[in-house]
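# Chains, contacts and geometry: an overview
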Amino acid sequence: MAWTKYQLFLAGLMLVTGSINTLSAKWADNFVAPGCGGIKEHSFQHPFLQAVGMFLGELSCLAAFFLLRCRAARHPDASMDPQQPFNPLLFLPPALCDMTGTSIMYVALNMTSASSFQMLRGAVIIFTGLFSVAFLGRRLALSQWLGILATIVGLVVVGLADLLSKHDDQHKLSEVITGLFGFVILSLLLVPMYYIPAGSFSGNPRGTLEDTLDAFCQVGRQPLIALALLGNISSIAFFNFAGISVTKELSATTRMVLDSLRTIVIWALSLALGWEAFHPLQILGFFILLMGTALYNGLHRPLLTRLARGRPPSAEEGEHERLLAGARTPINDAS
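The following paragraphs examine the structure supplied in this document. Predicted model, so just to flag it, every value in this text is computed and none were measured. (Residues numbered from 1 in each chain as written. Predicted model: local features only at pLDDT ≥ 70, side-chain atom pairs only at ≥ 80, totals over all residues. Heavy atoms only, no water.)

### A look at the overall build of the chain
Check the secondary structure of the chain and you find 14 helices and two strands. Every one of the 335 residues in the chain was classed for burial, and the buried ones make up 39%. For the chain, the accessible surface area stands at approximately 19,800 Å², while carbon and sulfur atoms represent 69% of it. (Helix = DSSP H or I, 4+ residues; strand = E, 2+ residues; numbered from the N terminus. Buried < 20%, exposed > 50% of the residue type's maximum accessible area, 1.4 Å probe, protein only. Areas by Shrake-Rupley, 256 points an atom, 1.4 Å probe, with all protein chains shown as cover.)

### Considering the nonpolar core
Judged by nonpolar contacts, the single largest core of 34 residues is most densely connected at F44, Y106, L186 and I225. Where this core is concerned, the elements lending two or more residues are α1 (5–30), α2 (47–59), α4 (92–111), α8 (174–193), α9 (212–221) and α10 (223–249). If you look at the next biggest cluster of nonpolar residues, it comprises twelve residues, including A123, I125, I126 and V158. (Core = buried A, V, L, I, M, F, W, Y, C linked by side-chain atoms within 4.5 Å.)

### A short note on the packing of aromatic side chains
What describes a pair of aromatic rings is the distance from one ring centre to the other and the angle between the planes of the rings. This structure, assessed with the given rule, holds six aromatic pairs. With a centroid separation of 6.2 Å and 50° between ring planes, the pair formed by F127 and F131 is classed as tilted. Of this pair, F127 and F131 both sit in helix α6 (residues 124–136), four residues apart, which is roughly one turn of the helix. For F127, a relative accessible area of 47% puts it in the partly exposed group. Ring centres of F131 and F135 lie 5.7 Å apart, and the angle between their planes is 65°; this geometry places the pair in the edge-to-face category. One end of the pair is F131 and the other is F135, both in helix α6 and four residues apart, which spans about a single turn. A relative accessible area of 48% places F131 in the partly exposed class. (Phe/Tyr/Trp six-rings, centres within 6.5 Å; stacked < 30°, edge-to-face > 60°.)

### Considering the pattern of salt bridges
Throughout the structure, instances matching the rule amount to one salt bridge. Two residues, D211 and R206, come together in a salt bridge whose shortest N-O distance is 4.0 Å. You can call D211 buried: its relative accessible area is 4%. In this structure R206 comes out as partly exposed when scored by relative accessible area, which is 39%. (Salt bridge = Lys/Arg side-chain N within 4 Å of Asp/Glu carboxyl O.)

### Brief notes about the state of the cysteines
Following the criterion strictly, the structure yields one disulfide and no others. Across the disulfide, C36 is cross-linked to C217 (sulfur-sulfur distance 1.7 Å). Given an S-S torsion of about 90°, the disulfide between C36 and C217 has right-handed geometry. According to the relative accessible area criterion, C36 is partly exposed, its value standing at 24%. (Disulfide = S-S within 2.5 Å.)

### Some remarks on empty space enclosed by the protein
If you add up the space inside the largest cavity, you get close to 120 Å³. If you trace the largest cavity, you find 14 residues lining it, with P47, N110, F201, S202 and G203 closest to the centre. Ranked by the residues each element gives to the lining of the largest cavity, the list is headed by α4, at three residues. Among the residues forming the lining of the largest cavity, the class breakdown is seven nonpolar, seven polar and no charged. (1 Å grid on protein atoms, 1.4 Å probe; cavity = no way out; pocket = protein on both sides within 12 Å on 5 of 7 lines; lining within 4 Å. Points joined across faces, edges and corners; volume = space filled by probe spheres on them. Nonpolar A, V, L, I, M, F, W, Y, C, P; charged D, E, K, R; others polar.)

### Quick notes on the packing of α9 against α10
Orientation of α9 relative to α10, taken along the N-to-C sense of each, is 110°, at an axis distance of 4 Å. With respect to α10, the axis of α9 lies roughly perpendicular. Contacts between α9 and α10 involve Q218, V219 and R221 from the former and P223, I225, A226 and L229 from the latter. (Axes fitted to C-alpha atoms, helices over the stretch in contact; angles between N-to-C directions. Parallel < 35°, antiparallel > 145°, perpendicular 65-115°, else oblique. Contact = heavy atoms within 4.5 Å.)

### A word on the environment of C36
Checked against the element boundaries, C36 lands in the loop between β1 (32–33) and β2 (42–43). Those residues in contact with C36 that sit more than four places away from it in its chain are L213, D214 and C217.

### Digging into a nonpolar patch on the surface
Where nonpolar side chains cluster on the molecular surface, the patch consists of F127, L130, F131, V133, F135, L136 and W145 and spans about 740 Å² of accessible area. Here the element with the most residues in the nonpolar patch is α6; it accounts for six residues. Note on placement: L136 falls in helix α6. Take L136: its relative accessible area is 57%, and that puts it in the exposed class. (Patch = residues over 30% accessible without salt bridge, like charges linked within 9 Å, V, L, I, M, F, W, Y side chains within 5 Å.)

### Re the layout of surface pockets
Volume-wise, the largest pocket comes out at about 1,800 Å³. In terms of lining, the largest pocket is formed by 49 residues, of which the most central are R121, G122, V124, D259 and R262. No other element matches α4, which puts ten residues into the lining of the largest pocket. Looking at the lining of the largest pocket residue by residue, the class counts come to 26 nonpolar, 16 polar and seven charged.

### Section: α6
When we look at burial in α6, the residues that qualify are I125, I126, G129 and S132. Taken down its axis, α6 places every buried residue within 145° of arc, on the same side. Along α6, the residues that are exposed and aim more than 90 degrees away from the buried face are V124, A134 and F135. Of the residues flanking the end of α6, it is G137, one or two places downstream, whose phi is positive at about 70°. (Arc of directions from axis to C-beta.)

Keep in mind these numbers describe shape, not what the thing actually does.
Right, dumping it as structure tokens:
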């Protein structure tokens, strides 16, 4: 079935905004600017502040939500089921998990290249599969276990490529509600983070877990950092909208394929911009990760079905078909 123009637009929007989201965050990390109080120039390493910006972008989807809600109220659709009431606090536990994961994600982006960061995010398959067995009592197919195994191997190869390419020791609606909780809670946590010492793990001159004042001072002295942060905030909003729409209009498999293409785009642009050096192990690791993702999501099944249909029948299968055809021949058939 051919894609409509709207579906092509959604696929392109997801690919472009997803790539901008990672690249803009890495672009901000590459800037060097002086901090507050005459502190000498240093890199913009403020992962927790960037995480707040990401949740702000997700929270901006609330405007689109209310617009669609007003439109639905003016033009009610009788075929749609009425919305069931629910307690928004039900989303607080997953929001806390998402907040923690997002913060660690931006810390990891400071410590590695944009392409390796994007590839290493494939580890979510491992934990999703294992936790679904442990807590939901699900049974994984053999192909899914093979996909998890391939993903682990791919992560090891990508991590090894990242270590070998290092030449310095620089570093020793549910989504809308989740964005709201994440933005509010993490914004409040920036206050105690300003006083918590982090030693060599910290990327700011004060050596604390996060120095928001230093971040704003750097933004004031280097306006391009503000541009990068704005690109990160706006792109995540459009990326979330496009991702949900692609899943709805096309399929979850299409979304997974587009996410894999996003990794290629990020890798190619990072190499073109000189942000990282080419390493052949990354190619091997990426294809192993891609194979593991495809196996886990069952992309091999349509291929095997198509190959089975196009395969010529064996001698035994041909004889079996002839016997069945003879059995279907009427008894009084003169031939």
